[in-house]
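# Summary of structural features
For reference, the chains in residue letters:
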Amino acid sequence: DAKTTQPPSMDCAEGRAANLPCNHSTISGNEYVYWYRQIHSQGPQYIIHGLKNNETNEMASLIITEDRKSSTLILPHATLRDTAVYYCIVFYRMGNQFYFGTGTSLTVIP
Amino acid sequence: GAVVSQHPSWVICKSGTSVKIECRSLDFQATTMFWYRQFPKQSLMLMATSNEGSKATYEQGVEKDKFLINHASLTLSTLTVTSAHPEDSSFYICSARDATWTSGRGNEQFFGPGTRLTVL
């Protein structure tokens, strides 16, 4: 079962940073936080993942709180192409299945 | 990056017929593949986990005789929707787990582009 809670929708102005929160208060010590996004009628696309340290790649930054009960995905300069549903998933890396929650529908506004 | 393909990308069929959807990992080996179903405006729902050379493991509430899964090779898994009915109309998505996930590539599960099934 999904172990994450995300706001259903958010808007962001083009060129501004988009900050997408995720609560995962029941996360255990060996579970990672993964972020994927799904553009309409396409398969999910990997964005970033982390365990406890903050992570950054060419797409985004992931900020994980010290208690690991929540995290924030940051898209530093949102573009119209970033309009998508963003999913936060907690995953036991030695396990297998991804269980998707309801995600956040991000709309980037011109 | 790793690529997963699905075929067909869309299919329309008559009620009562069977439809086969293929999922292929194009440039990596996948000992495990996963099948999801997504209804409009809803999230992805995991249907089953497919392991190469063994029987698939189905999630609770998913009929194994209705959704036949075969994972005959390290690069191919198929989902057959048997005796399809209009309520089976959905977006079916597969994902493949890279067997070499310790390689440090970062992400070890890659999703296909999806197959839209419409049953008339």
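To keep things clear, this report deals only with the structure shown in the data block. Model, not experiment: these values are computed from the prediction.

Calculation rules
- Residues numbered from 1 in each chain as written.
- Chains lettered and ligands numbered in written order.
- Predicted model: local features only at pLDDT ≥ 70, side-chain atom pairs only at ≥ 80, totals over all residues.
- Heavy atoms only, no water.
- Helix = DSSP H or I, 4+ residues; strand = E, 2+ residues; numbered from the N terminus.
- Buried < 20%, exposed > 50% of the residue type's maximum accessible area, 1.4 Å probe, protein only.
- Lys, Arg positive; Asp, Glu negative; His and termini not counted.
- Salt bridge = Lys/Arg side-chain N within 4 Å of Asp/Glu carboxyl O.
- Polar contact = N/O pair within 3.5 Å; in protein donor to acceptor, adjacent residues only side chain to side chain.
- Contact = heavy atoms within 4.5 Å.
- Phe/Tyr/Trp six-rings, centres within 6.5 Å; stacked < 30°, edge-to-face > 60°.
- Disulfide = S-S within 2.5 Å.

All names here are of chain A. Among the secondary structure elements, arginine 68 is positioned in the loop between strand S6 (61–64) and strand S7 (70–75). No salt bridge forms around the buried arginine 68; measuring N to O, its nearest opposite-charge neighbour glutamate 31 is 6.6 Å away. Reaching out from arginine 68, the side chain makes a polar contact with the backbone oxygen of serine 28 at a distance of 2.9 Å. At a separation of 2.6 Å, a polar atom in the side chain of arginine 68 contacts the main-chain carbonyl oxygen of leucine 51. Filtering out sequence-adjacent residues up to four positions away, arginine 68 remains in contact with His24, Ile27, Ser28, Gly29, Glu31, Leu51 and Lys52.

What follows covers the packing of aromatic side chains. Residues and elements named next belong to chain B. Taken as a whole and judged by the stated rule, the model has 15 aromatic pairs over all chains. Ring geometry for phenylalanine 28 versus phenylalanine 110: centroids 5.4 Å apart, planes at 55 degrees, classification tilted. Highlighted residues: phenylalanine 28 in the loop between strand S3 (19–25) and strand S4 (30–38) and phenylalanine 110 in strand S10 (residues 109–111), separated in sequence by 82 residues. Taken as a pair, phenylalanine 28 and phenylalanine 110 share a single burial class, namely buried.

Quick look at the state of the cysteines now. Using the criterion set out here, one finds two disulfides over all chains in the structure. A disulfide bridge connects A:Cys22 with A:Cys88, and the sulfur atoms are separated by 2.1 Å. Classification of the bridge connecting A:Cys22 and A:Cys88 rests on its S-S torsion, roughly -80 degrees, and on that basis the disulfide is left-handed. Placement of the pair is A:Cys22 in strand S2 (residues 18–23) and A:Cys88 in strand S8 (residues 84–92), with a sequence separation of 66 residues. As far as burial versus exposure is concerned, A:Cys22 and A:Cys88 are alike and both buried. Put simply, B:Cys23 and B:Cys94 are joined by a disulfide, and their sulfur atoms are 2.0 Å apart. On the sign convention where negative is left-handed, the bridge of B:Cys23 and B:Cys94, at about 80 degrees about the S-S bond, is right-handed. Linking B:Cys23 in strand S3 with B:Cys94 in strand S9 (residues 90–98), this pair joins segments that are 71 residues apart in sequence.

Bringing unusual backbone geometry into the picture now. Cis geometry marks the peptide bond from B:His7 to B:Pro8; its omega dihedral reads 0 degrees. One can find B:Pro8 in the loop between strand S1 (4–7) and strand S2 (10–13). In this structure, A:Arg68 is a non-glycine residue whose phi angle is positive, near 65 degrees. Take A:Arg68: its relative accessible area is 9%, and that puts it in the buried class. In this structure, B:Lys41 is a non-glycine residue whose phi angle is positive, near 60 degrees.

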